[in-house]
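The primary structure of each chain is shown beneath.
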Amino acid sequence: MAKGAQREVQDFMLTRYACFLIAQNGDPKKEEVAFAQSYFAVQTRKAELIEERLNEVARLNTRERLRASEKQLSRNIYQRGVDDRGFGRIRSKGDYALFGGLSTDQIMDLEVTTQMGNDC
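Residues numbered from 1 in each chain as written. Predicted model: local features only at pLDDT ≥ 70, side-chain atom pairs only at ≥ 80, totals over all residues. Heavy atoms only, no water.

Tell me about the overall build of the protein, and please be specific about residues and values.
Assigned secondary structure in the protein consists of four helices and zero strands. For the protein, the α and β elements follow one another from N to C terminus as α-α-α-α. Its C-alpha atoms give the protein a radius of gyration of 29 Å, more than 25% over the compact-globule value 14 Å for 120 residues. Here the C-alpha coordinates of the protein stretch approximately 100 × 30 × 20 Å along the principal axes. Counting only residues that meet the buried cut, the protein has 8% of its 120 residues in that class. Sequence-distant contacts, at least 24 apart, represent 6% of the contacts inside the protein between residues at least 6 apart. Working note: accessible area of the protein is about 10,900 Å², and carbon and sulfur atoms make up 57% of it. (Helix = DSSP H or I, 4+ residues; strand = E, 2+ residues; numbered from the N terminus. Rg over C-alpha atoms; globule rule 2.2 N^0.38 Å. Buried < 20%, exposed > 50% of the residue type's maximum accessible area, 1.4 Å probe, protein only. Contact = heavy atoms within 4.5 Å. Areas by Shrake-Rupley, 256 points an atom, 1.4 Å probe, with all protein chains shown as cover.)

Listed below in structure tokens is the structure:
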């Protein structure tokens, strides 16, 4: 203000989300706004990485439980005297039921096709 006069400024308490919205819509030429935009970009990326890691851990835990269940199923089947051919038929029927009518061979073909697509 002119001649060193001062004016009282009202202070507001904002949520984190409100700060984010203000920063994203602010002028990045202003140092404070640029800093806030950078801060929220970094925090967003951290949250994404944490979420990816949690999803990966959950996937690995689920895969381990599946492996243990399949091992127990195999043990039960062989204990009841089912031979390798019968075991294959049982697994194929289970795959057919679990994967919407796809046979074990079709599932394997789908996995190979998907992996080839990911390699490109």
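And the narrative resumes.
Break down the packing of helix α1 (residues 16-24) against helix α2 (residues 31-79) for me, with residues and values.
Where α1 meets α2, the axes come as close as 9 Å, and the angle between the chain directions of the two elements is 120 degrees. By the criterion of interaxial angle, the relationship of α1 to α2 is oblique. With respect to the hand of their crossing, α1 and α2 are arranged in left-handed fashion. Together, Arg16, Cys19, Phe20, Ala23 and Gln24 of α1 and Val33, Ala36, Gln37, Tyr39, Phe40 and Gln43 of α2 make up the contact between the two elements. Partitioning the contact of α1 with α2 into residue classes produces seven nonpolar, three polar and one charged. (Axes fitted to C-alpha atoms, helices over the stretch in contact; angles between N-to-C directions. Parallel < 35°, antiparallel > 145°, perpendicular 65-115°, else oblique. Left-handed = near helix turned anticlockwise from the far one by under 90°. Nonpolar A, V, L, I, M, F, W, Y, C, P; charged D, E, K, R; others polar.)

Can you tell me about the packing of α2 against helix α3 (residues 84-98), naming the residues and giving the values?
At a minimum axis separation of 11 Å, α2 and α3 run at an interaxial angle of 135 degrees. The orientation of α2 with respect to α3, classified from their angle, is oblique. α3 is crossed by α2, and the crossing has right-handed handedness. Between α2 and α3, the contacting residues are Glu70, Leu73, Ser74, Ile77 and Tyr78 on the first element and Asp84, Phe87, Ile90 and Arg91 on the second.

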